[in-house]
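Commentary on secondary and tertiary structure
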Amino acid sequence: MKTFTVVIFFMLCFQALYPLGYSISYTFEIYDELDYSNYRLYTNHFLSELVTTQASARILSNIRRDFPVSRVSLTQADLEFLAPHLFDLVVTREIRKEHLLTINAEVSYSRERANTLINNLTSNHNLRKRYQEYSTIIDNSMEKLSALFSEFRQPEKDDIDETLKLINDELMNFSKQIYKLQGIKALLAEDYYRAGIMLIQAIKMDNEDTSLYLDFARLPIDYIIQHEALDFLQKAILISPDNIEILSRYGEILLDLGDLNQASMVFTKLVELKPLSAEYRLKLVQAYIKQNTFTKAKELLVKSVYEIPSSVELLIELGFIYQQEGNFNRALEHYYRAIRLEPGNIHAVLNSADIYYLKGEFGKALTYYEQISIILDNGSNLNFKIGNTHYNLGNFELAINFYQKEIDTNNQNSELYFNLANAQFKNGFYQEAILSYHNALTLGLDTPEIFFNLGNTYSALAMFDRAMECYKRTLSIKPVNAEAKFNMGNIYFLLEQYELGLEMFEQALNDDPTLYQALFNIGNYHRDRDELETAIGYYEQALQINPEDDRSYANMADCLRLIGDFAAAERTYLRAIALNPNNS
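With that settled, the discussion passes to the overall build of the chain. A tally of helices and strands in the chain yields 31 helices and zero strands. Buried positions account for 47% of the 584 residues belonging to the chain. When the accessible surface of the chain is totalled, it reaches about 30500 Å², and 52% of it is carbon and sulfur.

Next comes the structure, spelled out in structure tokens:
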């Protein structure tokens, strides 16, 4: 009975293993053609993949222009040959100065993607190496089992029990390696559910193999939390307390779980183990910020920037802290240092642009936005920001173009449609503006500003009934709104409903006593009815608020002339002409 059970178990294991054999040989037949330990090949692999993108095409077009080659055009093979040298070309700064910022921004962006790819390739490379090692162990185990079975079949064998024990032990080893192999195979295939099942079984059978804990740590955090498998990582730390990879993954999971005190302790230890690692200092800063201990985060960053002055990431993070505090000059100082270390760094350039925008220095903001627009032109909200900058510079047509580009990739942003409508209104495209305002309303933007602006648009098209509906909706949301009441008063005047108009002007002045335009309009009402002294009184009130209002001077001069005060009328006319020669 024992023999039958052992043989059947072996046969099942062998059948489970057989499909793996083809996969092993096929995978490594291809993989062994490349030497992934060579960093240049990593870079080549990444940049060869990148040459078809917009960023690399721009870089290569600049290279063609600034470094003429013997051939008129470059083939794909030529581009792949040039790819590993792109970084070197930029670093040597031999490219014409006016292209440096754009190219460096592109390369900075490429370097981030390259680092991510390299890390993934390195991780997969280690997995594949161990996959091959486990395959070799399984092959040896199968040979050993085969020999044991041959020995077991010998009728003259006396120590059958000892042989059975050896077979059982080897089968356990065989099963353990199968679980490890299947776990790694599932990881490489990104089948994380199956990988988790296999690795948990492998760890239960061999809880001293720290590499298995590292494999398990590579699973998505959601899986680890769902299966309450944090204890695996804790056991791994007990086995190997200074293992950087396990500690790092454990700290990241603790951050996601919100166990911030424990996460801080883990990253503090990592900083002690790797004192010149900006990565772990940044993670510790993140833990502090989540704990709302901003002072500790800022102190650590200031210290880190001093101790690791070449870390672009630390400079940017400290700059962002200053930016959040509203200390824009200090923030710009750190972003500038980051850009000097890594010209065109996307985060430093983008944050600098945002600060200049907030400071109202729209020309500088636009310069920075445009430096990185070639890279972050899709899904980055950059076209929206550039559109806003053009709007504030009065370039409404350009603003419209950038808003529409943003809509091509993000048509669910109500604020985007609102800003587009404002630009269309400024450019005189009233029908288009109405459509854009309604798109914003459909997407849930329900503010007094959108109804007020929509009312202005209807008013510009002389659609007064709809304009009045919009202004009333504005007041239902924000009852104290002088501008809406003032515009309603104007419409009532245009419709010759003067009493209602005067009432709205008075209400507007109650909301905002500095609204001199309402005083000017009331003055005009009395002037048209030959109530000249009353009209003059309103013009004088308007001028007390705004002494530069040439229209009030001009109309008051008319009233003074009509009542016969010619000297005062002349002085008032001259004042109106001085402010605006068109009054002559």
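Per the counting criterion, the structure on display carries 13 salt bridges. With a closest N to O distance of 2.8 Å, Glu307 and Arg281 form a salt bridge. Of the two residues, Glu307 sits in helix H15 (residues 294-307) while Arg281 sits in helix H14 (residues 278-290), which places them 26 residues apart along the sequence. Its relative accessible area of 36% is what places Glu307 among the partly exposed residues. With a relative accessible area of 6%, Arg281 lands in the buried category. As a salt-bridge pair, Arg527 and Asp528 come within 3.3 Å of each other at their nearest N and O atoms. Here the salt bridges do not stand alone but share partners, grouping Lys359, Glu361 and Lys364 into one network.

Right, let's talk about unusual backbone geometry for a bit. One non-glycine residue, Ala462, adopts positive backbone phi at about 60°. A relative accessible area of 48% means that Ala462 is categorised as partly exposed. Despite not being glycine, Glu496 shows a phi value in the positive range, around 60°. Along the chain, the position of Glu496 falls in the loop between helix H26 (482-494) and helix H27 (498-511).

Moving on, we get to the nonpolar core. Formed by 81 residues in total, the largest nonpolar core has its most connected members in Phe216, Tyr250 and Tyr369. Setting aside its immediate chain neighbours within four residues, Tyr250 contacts Leu230, Leu233, Gln234, Ile237 and Val266. Of all hydrophobic cores here, the second largest spans 32 residues; its members include Leu416, Phe418, Leu420 and Ala467.

Looking at the secondary structure, you find Asn555 in helix H30 (residues 550-562). Exposure remark for Asn555: the relative accessible area of 13% places this residue in the buried category. Those residues in contact with Asn555 that lie beyond four places of it in its chain are Phe520, Asn524, Arg527 and Tyr539.

We now examine the packing of aromatic side chains. Scanning the entire structure with this criterion turns up 13 aromatic pairs. When the centroid spacing of 5.8 Å and the interplanar angle of 50° are considered together, the rings of Phe452 and Tyr471 count as tilted. With Phe452 in helix H24 (residues 448-460) and Tyr471 in helix H25 (residues 464-477), this residue pair connects regions lying 19 residues apart in the sequence. Note on accessibility: Phe452 and Tyr471 belong to one class, buried. An aromatic cluster is present here, built from Phe486, Phe493, Tyr498, Phe505 and Tyr525 joined pairwise through their rings. Here the guanidinium or amino end of Lys405 rests over the ring plane of Phe402, the centre of that ring lying 4.8 Å away. Directly above the aromatic system of Phe520 lies the positively charged group of Arg551, at a separation of 4.2 Å from the ring centroid.

Rules of the game
- Residues numbered from 1 in each chain as written.
- Predicted model: local features only at pLDDT ≥ 70, side-chain atom pairs only at ≥ 80, totals over all residues.
- Heavy atoms only, no water.
- Helix = DSSP H or I, 4+ residues; strand = E, 2+ residues; numbered from the N terminus.
- Buried < 20%, exposed > 50% of the residue type's maximum accessible area, 1.4 Å probe, protein only.
- Areas by Shrake-Rupley, 256 points an atom, 1.4 Å probe, with all protein chains shown as cover.
- Salt bridge = Lys/Arg side-chain N within 4 Å of Asp/Glu carboxyl O.
- Core = buried A, V, L, I, M, F, W, Y, C linked by side-chain atoms within 4.5 Å.
- Contact = heavy atoms within 4.5 Å.
- Phe/Tyr/Trp six-rings, centres within 6.5 Å; stacked < 30°, edge-to-face > 60°.
- Lys NZ or Arg CZ within 6 Å of the ring centre and 35° of its normal.

Remember, this is a structural readout, not a statement about activity or role.
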